[in-house]
Number of protein chains: 4
Amino acid sequence: MSRFLHIAESAEDLVLQSHMQRELGRRTGTCFQRCVGMDAANAMWSTTFDIDQKHGSSYHQRFQDFLKTMQKQNCVIGGAMTDVKGDRMLTPSQQEDPDLFVHIHRRLPNGGIVLRGAKAHQTGTLNSHWMIVMPGAALKEADKDYAVCCAIPIDAPGITYIYGRQSCDLRAMEVGNEIDQGNAKFGGQETMVCFEDVEVPPELVFMDGEVEFTGLLVERFTAYHRRSYVCKAGLGDVMLGAAATVSDYNGTSKASHIKDKLVEIAFLNETIAGTALAASYGGKPTPSGNFLPEILMANVCKQHVTRMPYEIARLTQDLAGGFLVTLPGDKEFSHPVAGALLEKYMKAKKGVTVENRRRILRLIENMTMGRNAVGYLSESMHGAGSPQAQRVLIARLMDLEAKKKLAKHLAGIVE
Amino acid sequence: MSRFLHIAESAEDLVLQSHMQRELGRRTGTCFQRCVGMDAANAMWSTTFDIDQKHGSSYHQRFQDFLKTMQKQNCVIGGAMTDVKGDRMLTPSQQEDPDLFVHIHRRLPNGGIVLRGAKAHQTGTLNSHWMIVMPGAALKEADKDYAVCCAIPIDAPGITYIYGRQSCDLRAMEVGNEIDQGNAKFGGQETMVCFEDVEVPPELVFMDGEVEFTGLLVERFTAYHRRSYVCKAGLGDVMLGAAATVSDYNGTSKASHIKDKLVEIAFLNETIAGTALAASYGGKPTPSGNFLPEILMANVCKQHVTRMPYEIARLTQDLAGGFLVTLPGDKEFSHPVAGALLEKYMKAKKGVTVENRRRILRLIENMTMGRNAVGYLSESMHGAGSPQAQRVLIARLMDLEAKKKLAKHLAGIVE
Amino acid sequence: MSRFLHIAESAEDLVLQSHMQRELGRRTGTCFQRCVGMDAANAMWSTTFDIDQKHGSSYHQRFQDFLKTMQKQNCVIGGAMTDVKGDRMLTPSQQEDPDLFVHIHRRLPNGGIVLRGAKAHQTGTLNSHWMIVMPGAALKEADKDYAVCCAIPIDAPGITYIYGRQSCDLRAMEVGNEIDQGNAKFGGQETMVCFEDVEVPPELVFMDGEVEFTGLLVERFTAYHRRSYVCKAGLGDVMLGAAATVSDYNGTSKASHIKDKLVEIAFLNETIAGTALAASYGGKPTPSGNFLPEILMANVCKQHVTRMPYEIARLTQDLAGGFLVTLPGDKEFSHPVAGALLEKYMKAKKGVTVENRRRILRLIENMTMGRNAVGYLSESMHGAGSPQAQRVLIARLMDLEAKKKLAKHLAGIVE
Amino acid sequence: MSRFLHIAESAEDLVLQSHMQRELGRRTGTCFQRCVGMDAANAMWSTTFDIDQKHGSSYHQRFQDFLKTMQKQNCVIGGAMTDVKGDRMLTPSQQEDPDLFVHIHRRLPNGGIVLRGAKAHQTGTLNSHWMIVMPGAALKEADKDYAVCCAIPIDAPGITYIYGRQSCDLRAMEVGNEIDQGNAKFGGQETMVCFEDVEVPPELVFMDGEVEFTGLLVERFTAYHRRSYVCKAGLGDVMLGAAATVSDYNGTSKASHIKDKLVEIAFLNETIAGTALAASYGGKPTPSGNFLPEILMANVCKQHVTRMPYEIARLTQDLAGGFLVTLPGDKEFSHPVAGALLEKYMKAKKGVTVENRRRILRLIENMTMGRNAVGYLSESMHGAGSPQAQRVLIARLMDLEAKKKLAKHLAGIVE
């Protein structure tokens, strides 16, 4: 069975997820999109169990049944959490348009539900078989209709996918221009998913109005998912390799300041890996029996992910040199006059072909400014919650009262 | 007379250059390209004077004559300094191909010279009237033929310009798609300039083999030019405005962490301005009478320019939110089905049109990942010399011996 | 006349203040304490003028008369601004004890006033001849009695000075132990100044209840004073020299990573100098005719001062090596057994005496952990206002509306 | 058996070491000194095994016997690795004085050895029962006599301990002044240990000339020991608690910028913990069967330890306010006049006693400038190797060739 469809039965399982994610980041240099479904399944697993414990509902069995089918068919599952949100200072039910968060618009006679709304920034949904819809924030009683989890086949009637633009998206469509694309093999994509009266049968509904569990669900999902950003350490491995290669090609790789910058890249990158692994290793069982990563450390990891890749990108652009942004394109290199001049003047270190120099420069462009800068930078910033979302969790979990006691004890303070 | 063609006669003139540069950065949001010529003219002015003083040559008079013509005709001058360099660990004459640095290939009967070689990363040369060719590093006797300065009309026979690609360059060519371009009005461009037996008459030659002045010329040019990167504080003003606007539109601008990030952007940005201005204010006259910025501070300024815009870009991407990289394009917004859905679901704060939200997101994309990320980020990194080049200068000018004396005096050390 | 008693008549005067301050920092390696009086005098000069313009009062003439006397007698003036503040969330008049901010307790028949309260963190007051008392924050009508400025001789009846402890203060008192003191010649000191019914005659009162001018006074004083922290660039020069010397003595100064750290120290340190100088150069005349530094840049400077010295101290501790904190004391070096062992085992690079190695290590200890860490670090943090105080000013002065217009213009936004 | 004398038999054992270390850091707020012996024992265990495998020697059995005795007697073991080093650019045998590194001076008839030399920066040795002497760097054949490991009782004839001074050491000796000491209960100490012809019997010698194992020994010891700096996350917990408490006492703890700084402290601090735990969790068995932490991650951890505590200290000094360095001492608080004034004017938030405010300020002074700043800052910088030592290891272990392959694969580079 694919680990992406597996429920973590031990901390070791969580660690193996982390290793798989970094490895896939290494091999693709972009977002490979399946972690959302894995993290959603694990969070749903324990949360449906907890809801049932309290309410006597049967969401957990339903979810098990659904998951078994997925496992048998080896389906790709996307997780749809982020609503389009409208005015960020208002709750779902306070918005002018009730559809700015996905919600139950009406109910079907068979006990099923009908959804309306839209989920934004859906990486990978488009090339999944199914998606799991979840609320994106802790909700209060007034937002009961927004407390809905369910599974929907990707081609269900009423769904419209709207593709987003990416930096250098047109270049990716240029025929026969593999070099200028940098990473011609892999690239992520993002859609907005609009739900216009999408019907969901009762057996695929896993939460329906239990607002008191929405916060727990989000916390658990993000615990898995923020730690899943260890994949960026895999992309960082590619960046380190690209930075080292371009230094080789430029003939500068023996300069002490170049070597020091490579060490700094590795140091920053391993910090992401270390905190992600610590979160996985520190996983503990939930009441349902599956394992949940250490939440505080998962948030520490993701907070680093919002900083380190940007600094790694900056250092790599430093090492790449100016041709990163002034390199002519394939048409010029194929041009009878310009091509010969470029072949002559783009020569760098002896033994390095101009083509290879172009290729490594384009890969760095791709990952720091181009199509996969989305996966390496912007997604690192906003995926699984923007930086402040992690800070809110760290604030909640840093246990200030216990820390104050330590300080007061040593200072001899008795209150 | 345009200040871009003016020789600085006072520190106040240098300061006025700085103000003009920041202002133009504010108005264009990109590289406006004329500072290279201004800085080259000022560096040439004093260096030709110094060469003449030593060698009894007449370069200074030649340069004056040239410049007066430029002023009368209000020409745009580009400055061509960076060679393509080949293997970075070898000097010009050590390269396998002697043409990897621009040099005098042969001499004309009339005393003129014939150039060969190529200059890389030439911002603005293509839309200039003239260019001033200069060597890019301090040279030794063996590289005598590479110690050449001269003026060349942009359309001189034997010159080939090869345009570089840019992130999102194809998007800039999409007809009728002004919104997705972010900053549809302004954008820089970069070319490689190849010289194949370009003839230069003697009256336009301003250095010919005086290798001992190449270091001085480069140091002076970079003193002007590294401080000229104050323009990036102008682009930073645009970034600050964009970050504030997108926060307004998202409805988050009253959150304390948002306000704090805006303050941090302003703080980082003003650091560029402050050190640039200090370099200009601290300008001192050269023997020729024109004014040269304070060199150490100019290098401190440029070193900040290689760091601050990247952090400002990171903070702005943070404030922009995920739509920065998932926003659909104009065709989707104009589509009968998708357009209506987008108009509904992209609503954010009341009173903000979806179009305006798109526009500000596209501007931020443009400056942090797209076409003008070249001007705001990569050019900040490599223009006027990559970070290590500034560190070499700081190392030379930080006057360690004087500082050691201070420490030893206070520590009571007598040696 | 001492520049410390001089009213700035031009931007050039402000720049000369900055140069004097850095130079004195270099020569003392600590706080030399006279800038507060200089900055207070300049802020009082223009503010008394403005009050008189509005209210027809004669504070400005009084202040002129006072200052002339100071200049004739070449007195040292301290500036007393920071109140002890009590509960930071309450205004002066909201405090349980009205004395937690200095205020007019009662009035004398001759028109004079009687002060009560206490000023904290008074550097240099103790070794001044006079002090100028000023309010420390913008006040509202309810706090009218706290809106008081006046001059008081340092030995006025009713004043009590309470000396604060410093790190390593006892070491500074060890007789005959000059080496272990690091910087045996200079050190700052801090007192709390308590006012118990201190009488001030009317001719020495320069503000009395004009609450609407308290904000302006504080803003002006801090504009001068935050830029005065350029002195820390002088201390940073000493740190750079100490870091270079200890590297010489350890025999490591040729290692590339050591050289790079010295460059980083210089770079960080010059940033303080550059922004301070930019604030001074950019000074503009007030209605009274004297010159006020550029306020935004003064705050940018001070914000750097709350960060850079800490990083410089960290880098210098890195270069110093472990003996920074494990070096035995003078008594051990003078001991018949231990002394010989230490002389043998503390040998480092050939030609460097053990005594000189001790001296430079102690200087670094003194400035990063010991008595003058107060002057180099903590005072850099809190003097002239803690970091957040500068951020409040930057927020106010960064002119977000103008910046938004720039961004909207380029994005094509019409609202 | 104390875990400090235990040989790690699993990764879980390594993790339990990490938890114990952080917990002890929390309880003491300083260096508790026993980790060196634990790490030395574990590194000796596997290295003696490997030497025996190659050379047929019996070091491993000897070391086992020694360790069993230690375990039975529950002895405290110190680890003595850092030599005084003389000129850092010379190897041991190149030094003018052969004693600048500890070495075998001569041999005894019974097969024992006689040591000479000195070990610097010995934390905890003085209050241990035994010490394990080890070389501090990889050695070459010429330095054979320096390749020596052995156990020595702390009071062996020929050893002289010379105590180092600490910041505020005299304050720690003031009788009856517990408050001003900040952390009156705990404090580290550092000595230089001089060996003048110290005899070691053969059964306590664990390496004698096997230079080819010195590099391995150091790498293993530092793998354990660099990860042992997780204790600083325990001290960081105390700092976080102190920062939160002083904010409570100042009445500022609800301000958003204060809360954000507390989150930043927690975030930085948990990074140390996360990377240390990842190194422990990732431990792998050596040929001898005991477990060795993941070396790359241990070095990443220690590198953070050279940065994070300094930034945490800076943030905490920010939150503490100016009284951190201007607070009068106990004698003033007990003084009939000054004491009453201080009691009146040091009042801050309602309900907070002045004594408690003093206590928390003194604790912060203690840990950021005073006696335990040695343990929190300088030891974090230099203990287990200065920052560059970790970078050398990261450079060696970051596996650049594998990373280059990843980048080349994605870029389509075939070489």
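Residues numbered from 1 in each chain as written. Chains lettered and ligands numbered in written order. Predicted model: local features only at pLDDT ≥ 70, side-chain atom pairs only at ≥ 80, totals over all residues. Heavy atoms only, no water.

- As recorded in an unreviewed UniProt entry, chain A goes by the name 4-hydroxybutyryl-CoA dehydratase, listed as coming from Polarella glacialis.

### Focus: the UniProt feature "domain: HpaB/PvcC/4-BUDH N-terminal" (unreviewed entry) in chain A
Logical step 1: The UniProt feature table records "domain: HpaB/PvcC/4-BUDH N-terminal" (unreviewed entry) at residues 2-207 of chain A.
Logical step 2: Across residues 2-207 of chain A, the secondary structure splits into 26% helix and 24% strand, with the terminal C-alpha atoms separated by 25 Å. (UniProt positions renumbered as here; feature names shortened; annotations may be inferred. Helix = DSSP H or I, 4+ residues; strand = E, 2+ residues; numbered from the N terminus.)

### Some details on the pattern of salt bridges
Logical step 1: For the structure on display, the rule yields 144 salt bridges over all chains.
Logical step 2: In this structure, Asp208(B) engages Arg107(B) in a salt bridge whose closest nitrogen and oxygen atoms are separated by 2.9 Å. With Asp208(B) in strand β8 (residues 205-208) and Arg107(B) in strand β2 (residues 103-107), this pair connects stretches of sequence that are 101 residues apart.
Logical step 3: Judged by relative accessible area, Arg107(B) falls into the partly exposed class, the value being 47%.
Logical step 4: Where Arg165(C) meets Asp169(C), a salt bridge forms, and the shortest distance between an N and an O atom there is 3.0 Å. (Salt bridge = Lys/Arg side-chain N within 4 Å of Asp/Glu carboxyl O. Buried < 20%, exposed > 50% of the residue type's maximum accessible area, 1.4 Å probe, protein only.)

### Some remarks on the packing of aromatic side chains
Logical step 1: Enumeration according to the criterion identifies 26 aromatic pairs over all chains in this entry.
Logical step 2: On the numbers, 5.1 Å between centres and 90 degrees between planes, the contact of Phe63(C) with Phe206(C) is edge-to-face. Taken together, the residues span a long stretch of sequence, with Phe63(C) in helix α3 (residues 59-73) and Phe206(C) in strand β8 (residues 205-208) at a distance of 143 residues.
Logical step 3: Phe63(C) gets classed as buried once you look at its relative accessible area, which sits at 0%.
Logical step 4: In textbook terms, an aromatic cluster arises when at least three aromatic residues are bridged by ring pairs, as seen for Phe63(A), Phe66(A), Trp130(A) and Phe206(A). (Phe/Tyr/Trp six-rings, centres within 6.5 Å; stacked < 30°, edge-to-face > 60°.)

### Some points on the relation of the copies chain B and chain A
Both copies of the chain are related by one operation, a rotation about an axis with a shift along it.
Logical step 1: Superposing chain B onto chain A takes a rotation of 180 degrees plus a shift of 0.0 Å along the axis, which leaves an RMSD of 0.0 Å. Look at the turn and shift together and you get a two-fold axis relating the two.
Logical step 2: Looking at the interface residues of chain B, 100% of them are also at the interface in chain A, so both copies use one shared face. (Least-squares fit on C-alpha atoms with pLDDT ≥ 70 in both. Contact = heavy atoms within 4.5 Å.)

### Remarks on the sheet that holds strand β2 (residues 103-107) of chain D
Logical step 1: Here we have 4 strands laid out as an open sheet, ordered β2-β3-β7-β6 (chain D), and antiparallel in their pairing. The open sheet has two free edges, formed respectively by β2 and β6 (159-163) of chain D, since each of these has just one partner strand. Recorded for the sheet is a direction-independent mean angle of 15 degrees between the axes of neighbouring strands.
Logical step 2: Pairing analysis gives 4 bridges linking β2(D) to strand β3 (residues 113-123) of chain D, with the strands arranged antiparallel. Its bridge partner lying in β3(D), His103(D) is registered against Arg116(D).
Logical step 3: On the sheet, helix α12 (residues 336-345) of chain C packs against β3, β6 and β7 (190-200) of chain D and is oriented at approximately 95 degrees with respect to β7(D). (Pairing = 2+ DSSP bridges. Axes fitted to C-alpha atoms, helices over the stretch in contact; angles between N-to-C directions.)

### As for the relation of the copies chain C and chain D
Logical step 1: The two copies are related by a screw operation: chain C maps onto chain D through 180 degrees of rotation and 0.0 Å of translation along the axis, at an RMSD of 0.0 Å.
Logical step 2: When the interface residues of chain C are mapped onto chain D, 100% of them again lie at the interface, so the same face is used by both copies.

### Things to note about the interface of chain C and chain D
Size of an interface, as often reported, equals the accessible area lost when the parts are brought together.
Logical step 1: In this complex, chain C contributes 73 residues to the contact, which on the side of chain D involves 74 residues.
Logical step 2: Carbon and sulfur atoms supply 61% of the area that chain C and chain D bury against each other, a total of about 6200 Å² over both sides.
Logical step 3: Interface area lost by chain C to chain D is led by Arg165(C), Arg314(C) and Tyr345(C), which between them contribute 13%.
Logical step 4: Here chain C is connected to chain D by 10 salt bridges.
Logical step 5: Notably, a salt bridge pairs Arg165(C) with Glu174(D), separated by 2.6 Å at the nearest N-O pair.
Logical step 6: Here chain C is connected to chain D by 28 residue pairs in polar contact (both at pLDDT 80 or more).
Logical step 7: In terms of residue class, the side of chain C that touches chain D is built from 28 nonpolar, 22 polar and 23 charged. (Buried area = accessible area lost by both parts, 1.4 Å probe. Polar contact = N/O pair within 3.5 Å; in protein donor to acceptor, adjacent residues only side chain to side chain. Nonpolar A, V, L, I, M, F, W, Y, C, P; charged D, E, K, R; others polar.)

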